[in-house]
Amino acid sequence: MAKIPKEIEEESYLLKSTFFFRKLNDLNYVGIDGRVKKAAAKLKDDLNWEGRSNLGISEEAWSILKSNEINPCRIFVHPTFLRTYPSLLKYYRCLAMIPQKGLMKLVGIGSLKDIEEKSKDIPESKISSTVKTLNEFISSVLTINGWYKEECLKAMVYSTAGTTIDGSWRNKIGEEGERVVKEILVKALLKNNEVSYFIMKNDDKIEFNEFEQLDKIDELRSIFLTNSYSIVFRSEPDGTILSPSGEVTGGIEVKAGIDPAAALERLGAMFKSFDNIKQTYPKAQTVLVASCLTNEVEARIRESQAVNFTFMLTDITMNKRSVEARFVNKIREMCGLIHKRL
C-alpha cells in the first residue's frame, strides 16, 4: 500500500475538524446543557417523581442526586418532560452514553433523527420504555462512578456526540472538501464586495449583506455577482461559472480523499464533467482542486488537456495564504472580475 504523504494526512485531519465543529452546531449539541437547565427550571414543581422505580431510577442513584441538591431533570428523564421537550431526548441519551442506533434497537423506535433534530413527538407507545431504558443506564453509571460533576455532564454529551459524528464522517470527506473550498471562495467574493445576491436550494433569494455564511453555505445553489456573472454549485462539475449571456466560462471540481488507490476513480469523474464543458465551450477554463495526485494521475491530467489549472487542497486549506489567494483570484479572473494575468 502506497504511503500517504504527510500533507494529505494533515488535510484529512483539518477537514475532519471543520466537519466536527460544524456538526456539533448543526445537530444542536452545543448549548444543549443550558437548554435542559432552562426547561428543567420551568417544570421543576410540576413533575412527580414518587413512582421513580417505575421510571427506571434506582434508589441508590436517587439518594446521590438528592444529597447534592440537584434538580432531578438535570440527570433523569421524566415522561412529562420528554413529551414537552422531545428534542432534548438527545441530552439524556448522551448521559446514558447510548448511540442513536443503540437506543432505537433497545426501545424499538423507528428513527430518532426527526425527534432529536426536528422535535417530532415520540410515539406514545414508546415513551415508557424510552424513559425506563435511559434512566436505568444513567442510574447504573451514576452509582458505579459516583456524582456527575458539572464538567462530567458536558463531557458525556460531547463524548457521545463525537461517536455519532465520527460514524457519519467516514463517508463525508469529499463533501467536506467541497464545502471548505466553497466557503473560502464565498468569503473572498464577499470581502471584495463582488456579490450581488445568492440563490438558495429552496429558491430563496438572499442579499449579500444578509448571508449567514456558516449557517447557509450548504444550502447555497448560486452566486450572482455584481458584473452579472454567476457561479452555480452542483455535481459534475462542483461549480460552473456562467457569463451574463449564459455561456459557460469555467468549471471547478474538488476531489478530496486520502486514498491514493481511489485517485484514478476520482479522476475519471472529473474528466467526464470537464470534457462535457470543453466540447460545448472550448474556451472555458477548468480548475481542479485535488487532495492526492499520484504520478499516474498527474500524467493523465497532462495528456488529457481537460484541466487548465490544478491546486492542492492542502495548500489552500492549511493557511498557505499565497496559494489560497492564487486560487481565489483565478476563479475571480474566470468570472471576469479581474483582468487575466499574463
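Going by the structure above, here's the rest.
What you see is a predicted model; the values in this text were computed from it and never measured.

*Asks:* Pulling in residues and values, what's your account of the side chain of K255?
*Replies:* In this structure, K255 sits in strand 6 (residues 248–255). There is a polar contact of 3.4 Å between the side chain of K255 and the side chain of E253.

*Asks:* Pulling in residues and values, what's your account of the packing of aromatic side chains?
*Replies:* Tallying each qualifying case throughout the model produces 7 aromatic pairs. Aromatic side chains F311 and F327 sit 5.5 Å apart centroid to centroid with 80° between the ring planes, which places their arrangement in the edge-to-face category. Here F311 is found in strand 8 (residues 309–312), whereas its partner F327 is found in helix 15 (residues 321–334), with 16 residues between them in sequence. Note on F327: relative accessible area 1%, which makes it buried. Put simply, the rings of F81, Y85, Y91 and Y92 touch in pairs and so form one group of aromatic residues. The lysine or arginine in question, K182, covers the ring of F233, its NZ or CZ lying 4.8 Å from the ring centre. Positioned over the ring face of Y197 is K205, at 4.2 Å from the centre of the ring.

*Asks:* Mind laying out the nonpolar core, listing which residues take part and the relevant values?
*Replies:* W49, F76, F81, L89, Y91, Y92 and L134 are the most contacted members of the largest nonpolar core, which has 46 residues in total. Those elements that place two or more of their residues in this core are helix 2 (32–43), helix 3 (59–67), helix 4 (79–84), helix 5 (89–95), helix 6 (100–107), helix 8 (124–145) and helix 9 (150–169). If near-sequence neighbours (up to four positions away) are discounted, W49 is found in contact with L55, I57, W62, P72, C73, F76, V77 and H78. Residues V181, I223, I316 and L337 belong to the second largest nonpolar core, which totals 36 residues.

*Asks:* Can you tell me about helix 2, naming the residues and giving the values?
*Replies:* With 12 residues, helix 2 ought to run about 16 Å at 1.5 Å a step, and its terminal C-alpha atoms sit 17 Å apart, in line with that. Taken as a whole, helix 2 has its buried residues at I32, D33, V36, A39, A40 and L43. Buried residues of helix 2 fall within an arc of 130° about the axis and therefore sit on the same side. Across helix 2 from its buried face, at more than 90 degrees, point the exposed residues K38, A41 and K42.

*Asks:* A description of the sheet that holds strand 7 (residues 285–290) should follow, citing residues and the corresponding values.
*Replies:* Reading across from one edge, 2-1-3-4-5-6-7-8 is the order of the 8 strands in this open sheet, with mixed pairing throughout. Edge positions in the sheet fall to strand 2 (205–207) and strand 8, since each has one partner strand and no second. On average, each strand axis in the sheet is tilted by 20° relative to the strand beside it, whichever way the strands run. In this structure, strand 1 (residues 195–200) lies alongside strand 3 (residues 220–225), joined through 5 bridges in antiparallel fashion. Within strand 3, the position partnered with M200 by the bridge is L220. Contacting strand 4 (230–233), strand 5 (239–242), strand 6, strand 7 and strand 8, helix 15 crosses the sheet at an angle of about 155° to strand 7.

*Asks:* Let's hear about the pairing of strand 7: which residues, and what values?
*Replies:* Of all 6 residues that make up strand 7, 6 are buried, and the element is covered over most of its length. Of the two faces of strand 7, the one lined by Q285, V287 and V289 and the one lined by T286, L288 and A290 are each fully buried. In this structure, strand 6 lies alongside strand 7, joined through 6 bridges in parallel fashion. In the strand pairing of strand 7, V254 is matched with V289. Taken together, the 4 bridges between strand 7 and strand 8 define a ladder with parallel strand orientation. By the bridge assignment for strand 8, V287 is matched with F309.

Here is what the cut-offs are and how they apply
- Residues numbered from 1 in each chain as written.
- Predicted model: local features only at pLDDT ≥ 70, side-chain atom pairs only at ≥ 80, totals over all residues.
- Heavy atoms only, no water.
- Helix = DSSP H or I, 4+ residues; strand = E, 2+ residues; numbered from the N terminus.
- Polar contact = N/O pair within 3.5 Å; in protein donor to acceptor, adjacent residues only side chain to side chain.
- Phe/Tyr/Trp six-rings, centres within 6.5 Å; stacked < 30°, edge-to-face > 60°.
- Buried < 20%, exposed > 50% of the residue type's maximum accessible area, 1.4 Å probe, protein only.
- Lys NZ or Arg CZ within 6 Å of the ring centre and 35° of its normal.
- Core = buried A, V, L, I, M, F, W, Y, C linked by side-chain atoms within 4.5 Å.
- Contact = heavy atoms within 4.5 Å.
- Expected span 1.5 Å × (residues − 1).
- Arc of directions from axis to C-beta.
- Pairing = 2+ DSSP bridges.
- Axes fitted to C-alpha atoms, helices over the stretch in contact; angles between N-to-C directions.

These figures capture arrangement, not role.
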